[in-house]
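Residues per chain are reported as follows:
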Amino acid sequence: MEIGEYPAGDALSAALTGLTFGGWVVCLSDLSAPWGVSLPGGRLGAAHIVLSGRCFVTMAGSGARVELNEDELVFLPADRVHKVSDAPDTEAIEASQIAGLQIADSFALSLALGGGGEKTRILTISFSTGSDLHTQIFAGLPELIRLSLNSVSNQAQLRATLRAIEVEMATAHPGYLAILRRLAEIFFVQLMRAVSLSDVSDRGWLFALSDPRLQKALGLMHNQFARPWRLADLARACGMSRTSFCDRFTEKVGVPPMTYLNRVRMSEATQRLKSPGARIADVAEQVGYASAASFSRAYRDIVGSSPSEVSRSPGVEPLFPATTSS
């Protein structure tokens, strides 16, 4: 195994290494009833962790709602507009109207809000990214995922990270923002592990990881995407027939294996095209194409734009639409 590679079975590490966090938010809120905040969404994902007390999280579009008590969290894979409040019928104020709250790509703050009643403490962590890989990783997930810190398999690690975030927020010693950024990224990976090992769904990329054979295939695709894989090669590596492998992969992940592999390649190519001085011919070779011409044709077919257009654009837009299940 070369440096920088991961075991074929560790698809989560291989995939998440391709995510570059472009922004992060950590907000520690001390709230007293009645209170309610409407959050604008628009990020890669968000999590609200109840450290004490309780709250309700309600999606603006669907009306889906979860109640959270102490030591519970909710993860929003597609961070859409939602309300966090002490009660379902409490009127919410827009986050932009809260004094001292400035929405930026990356920031950390402590917030006090409410009418002086029952107290709740919530830690909110959200992320944005310069990669589109999250649209594949989050495909098929419910829009609200509730987890208990008392029942997840990696509760000790999650609690340690959350405690470290609280300490950094409280002390604000020199370098604390750099530490918070890294802790937020660690929390995200730990959260993905917890979700993948939970039973909140049986469909989607994260839950395919619970199948050892599919996990191996996903690991190979992410870690060795430049290899000239054939369907038969991947099926053989997983100890399955071509038909069984293709059917099972499509059922769990939501797209056929070779479609998924091509998306991984184009996601990786998009990341590399954004690097200063990147040459299309070099990127083509790095993601497994014999020529710049064949790569450019495949890229346009899959992404809908040419590699040269992407390399000139200022940001990375999602290549494939995110999907969530209700």
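Reference entry: report on the structure contained in this document. (Residues numbered from 1 in each chain as written. Predicted model: local features only at pLDDT ≥ 70, side-chain atom pairs only at ≥ 80, totals over all residues. Heavy atoms only, no water.)

### Notes on the overall build of the chain
Filter applied, for reference: Secondary structure elements follow DSSP: runs of H or I of four or more residues count as helices, runs of E of two or more count as strands, with numbering from the N terminus. With a 1.4 Å probe rolled over the protein chains alone, any residue whose accessible area is under 20% of its type maximum counts as buried; one over 50% counts as exposed, and the rest are partly exposed. Where accessible areas are quoted, they stem from the Shrake-Rupley method and a 1.4 Å probe; at the residue level, only the protein chains shown are allowed to cover.
Helix and strand counts for the chain come out as 12 helices and 13 strands. Split into buried and exposed, the 326 residues of the chain put 50% on the buried side. Taken as a whole, the chain presents about 14,800 Å² of accessible surface, with 50% of it coming from carbon and sulfur.

### Comments concerning the nonpolar core
This is how it is decided: Definition of nonpolar core: a set of buried residues of the types Ala, Val, Leu, Ile, Met, Phe, Trp, Tyr and Cys, connected through side-chain atoms within 4.5 Å. Residues count as neighbours in contact if any of their non-hydrogen atoms are within 4.5 Å of one another.
Of all hydrophobic cores here, the largest spans 73 residues; its most connected members are Ile-49, Trp-205, Leu-206 and Phe-245. Residues within four places of Leu-206 in sequence aside, it is in contact with Leu-12, Ile-137, Leu-141, Met-192, Val-195 and Ser-196.

### What about the environment of Ala-281?
Tracing the chain through its elements places Ala-281 in helix H10 (residues 280-286). What makes Ala-281 partly exposed here is its relative accessible area of 36%. Taking the C-alpha atoms as reference, Ala-281 lies 6.7 Å from Ser-291; in sequence the two are 10 residues apart.

### What to know about the environment of Leu-16
Secondary-structure assignment places Leu-16 in helix H1 (residues 11-16). For Leu-16, a relative accessible area of 10% gives the class buried. Contact partners of Leu-16, with chain neighbours within four places excluded, come to Ile-137, Phe-188, Val-189 and Met-192.

### Some words on the packing of helix H6 (residues 212-223) against helix H8 (residues 242-253)
The condition that has to hold: Lines fitted to the C-alpha atoms define the axes, with helices restricted to the stretch that makes contact. Angles between their N-to-C directions range from 0 to 180 degrees. The labels follow the angle: roughly parallel below 35 degrees, roughly antiparallel above 145, roughly perpendicular from 65 to 115, and oblique for the rest. Ten residue types, Ala, Val, Leu, Ile, Met, Phe, Trp, Tyr, Cys and Pro, are classed as nonpolar, four, Asp, Glu, Lys and Arg, as charged, and the remainder, Gly among them, as polar.
Look at H6 against H8: their axes get within 11 Å of each other, and the N-to-C directions meet at 85°. On the basis of their axis angle, the class for H6 and H8 is roughly perpendicular. For the pair H6 and H8, the contacting residues are Arg-213, Leu-214, Ala-217, Leu-218 and Met-221 in the first and Phe-245, Arg-248, Phe-249 and Lys-252 in the second. Taken together, the residues of the contact of H6 with H8 sort by class into six nonpolar, no polar and three charged.

### Looking at the pairing of strand S4 (residues 54-59)
Put simply, the test is: A pair of strands is considered paired only if DSSP assigns at least 2 bridges between the two.
Within S4, five of the six residues are buried, leaving the element largely enclosed by the surrounding structure. When S4 meets strand S5 (residues 65-69), the two strands line up antiparallel, connected through five bridges. Directly across from Cys-55, in S5, lies its bridge partner Leu-68. Linking two consecutive strands that pair antiparallel, namely S4 and S5, is a turn of five residues; a positive phi of about 80° is found at Gly-63 within it.

### Examining the sheet that holds S4
Taken in spatial order, the five strands line up as S5-S4-S7-S2-S8 in an open sheet, and their pairing is mixed. Every interior strand has two partners, whereas the edge strands, S5 and strand S8 (93-94), have only one. As paired strands, S4 and strand S7 (residues 82-85) are joined by four bridges and run antiparallel to one another. Paired with Val-57 across the bridge in S7 is Val-84.

### A look at the packing of aromatic side chains
Let me state the cut-off plainly: Any Phe, Tyr or Trp ring, taking Trp's six-membered ring, that has another such ring centre within 6.5 Å forms a pair; planes under 30 degrees apart are called stacked, those over 60 apart edge-to-face, and the others tilted.
The tally for this structure, following the rule as stated, stands at five aromatic pairs. Note on Phe-249 and Tyr-260: the rings are 5.8 Å apart at their centroids and 65° apart in plane angle, and the pair reads as edge-to-face. Of this pair, Phe-249 sits in helix H8 while Tyr-260 sits in helix H9 (residues 257-273); the two residues are 11 residues apart in sequence, bridging distant segments of the chain. Its relative accessible area of 0% is what places Phe-249 among the buried residues. Pairwise contacts between aromatic rings join Phe-245, Phe-249 and Tyr-260 into one cluster.

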